Amino acid sequence: MDSGNVFKGLFYGGFASCVAETVTMPIDVCKTRLQMDGAGGGVKMYNGTMDCAGKLVKSEGAGALFKGLPPALLRQSTYGSLRYGLYGPIRNSLGVKPGTPKHEIPLSKKILAGGGAGA
């Protein structure tokens, strides 16, 4: 990708982050349910991830696996866009010429660019 085109980087970063969030949301919902299972001395309802997902779909429907998706997508569309979209321009502003092979870029400039982009 052309790191000089900030808007393209912002779009690709936001889009990729939103796709990743959508794909991993069911796993995250099950993880949270498993963490809370039996909390406060309650009865444990699940015997693992697949059991949790199956019982969740059976009792609440498939949409329950995507609870919390809208705020997660909002976060990813802003934070993911900035993190991925600004890395290249910040790195280039540190004196790295576009097209420089990754192994030739000093580690210090990679760390500064990543930190500046929020990674």
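Residues numbered from 1 in each chain as written. Predicted model: local features only at pLDDT ≥ 70, side-chain atom pairs only at ≥ 80, totals over all residues. Heavy atoms only, no water.

## As for the overall build of the chain
- Helix and strand counts for the chain stand at 4 helices and 0 strands.
- Each helix and strand of the chain, ordered N terminal to C terminal, gives the series α-α-α-α.
- Dimensions of the chain along its principal axes, counting C-alpha atoms only, are 60 × 25 × 20 Å.
- Across the 119 residues of the chain, 27% fall into the buried class.
- Taking the intrachain contacts of the chain between residues at least 6 apart in sequence as the baseline, contacts between residues at least 24 apart amount to 61%.
- Surface accessibility of the chain: about 7,700 Å² in total, with carbon and sulfur atoms responsible for 67%.
- Distance between charge centres in the chain, computed from 14 positive and 7 negative side chains, equals 6 Å. (Helix = DSSP H or I, 4+ residues; strand = E, 2+ residues; numbered from the N terminus. Buried < 20%, exposed > 50% of the residue type's maximum accessible area, 1.4 Å probe, protein only. Contact = heavy atoms within 4.5 Å. Areas by Shrake-Rupley, 256 points an atom, 1.4 Å probe, with all protein chains shown as cover. Lys, Arg positive; Asp, Glu negative; His and termini not counted. Charge placed at Lys NZ, Arg CZ, Asp CG, Glu CD.)

## Thoughts on the packing of helix H1 (residues 6-36) against helix H2 (residues 49-60)
- As a packed pair, H1 and H2 sit with axes 9 Å apart at the nearest point and diverge in direction by 100°. In terms of orientation, H1 and H2 fall into the roughly perpendicular class. Where H1 abuts H2, its residues Val29, Cys30, Arg33 and Leu34 lie against Thr49, Cys52, Ala53, Leu56 and Glu60.
- Within the contact of H1 with H2, the residues separate by chemical class into 6 nonpolar, 1 polar and 2 charged. (Axes fitted to C-alpha atoms, helices over the stretch in contact; angles between N-to-C directions. Parallel < 35°, antiparallel > 145°, perpendicular 65-115°, else oblique. Nonpolar A, V, L, I, M, F, W, Y, C, P; charged D, E, K, R; others polar.)

## Thoughts on the packing of aromatic side chains
- A complete count under the given rule lists 2 aromatic pairs for this structure.
- Each ring, one from Phe11 and one from Tyr12, has its centre 5.8 Å from the other, and the planes form 55°; the classification is tilted.
- By relative accessible area, Tyr12 is classed as partly exposed at 43%.
- Note on Phe11 and Phe15: the rings are 6.0 Å apart at their centroids and 15° apart in plane angle, and the pair reads as stacked. (Phe/Tyr/Trp six-rings, centres within 6.5 Å; stacked < 30°, edge-to-face > 60°.)

## As for the nonpolar core
- Residues Met25, Val29, Cys30, Tyr46, Cys52, Ala53, Leu56, Ala64, Leu65, Leu69 and Ala72 constitute the largest nonpolar core, which totals 11 residues.
- For this core, the elements supplying multiple residues, two or more each, are H1, H2 and helix H3 (69-93). (Core = buried A, V, L, I, M, F, W, Y, C linked by side-chain atoms within 4.5 Å.)

## Description of H2
- Between its first and last C-alpha atoms H2 spans 16 Å; for 12 residues at 1.5 Å apiece the expected length is 16 Å, and the two agree.
- Among all positions in H2, only Cys52, Ala53 and Leu56 are buried. The buried residues of H2 all sit within an arc of 95° when viewed along its axis, so they share a single face. Every exposed residue of H2 that faces more than 90 degrees away from the buried side is listed here: Met50, Lys58 and Ser59.
- Its buried side turned inward, H2 meets H1. (Expected span 1.5 Å × (residues − 1). Arc of directions from axis to C-beta.)

## A closer look at the confidence of the model for the chain
- Residues at a pLDDT of 70 or more form 97% of the chain, whose mean pLDDT is 91.
- Within the chain, H2 carries the highest mean pLDDT (96), whereas H3 carries the lowest (90). (pLDDT = per-residue confidence, 0-100.)

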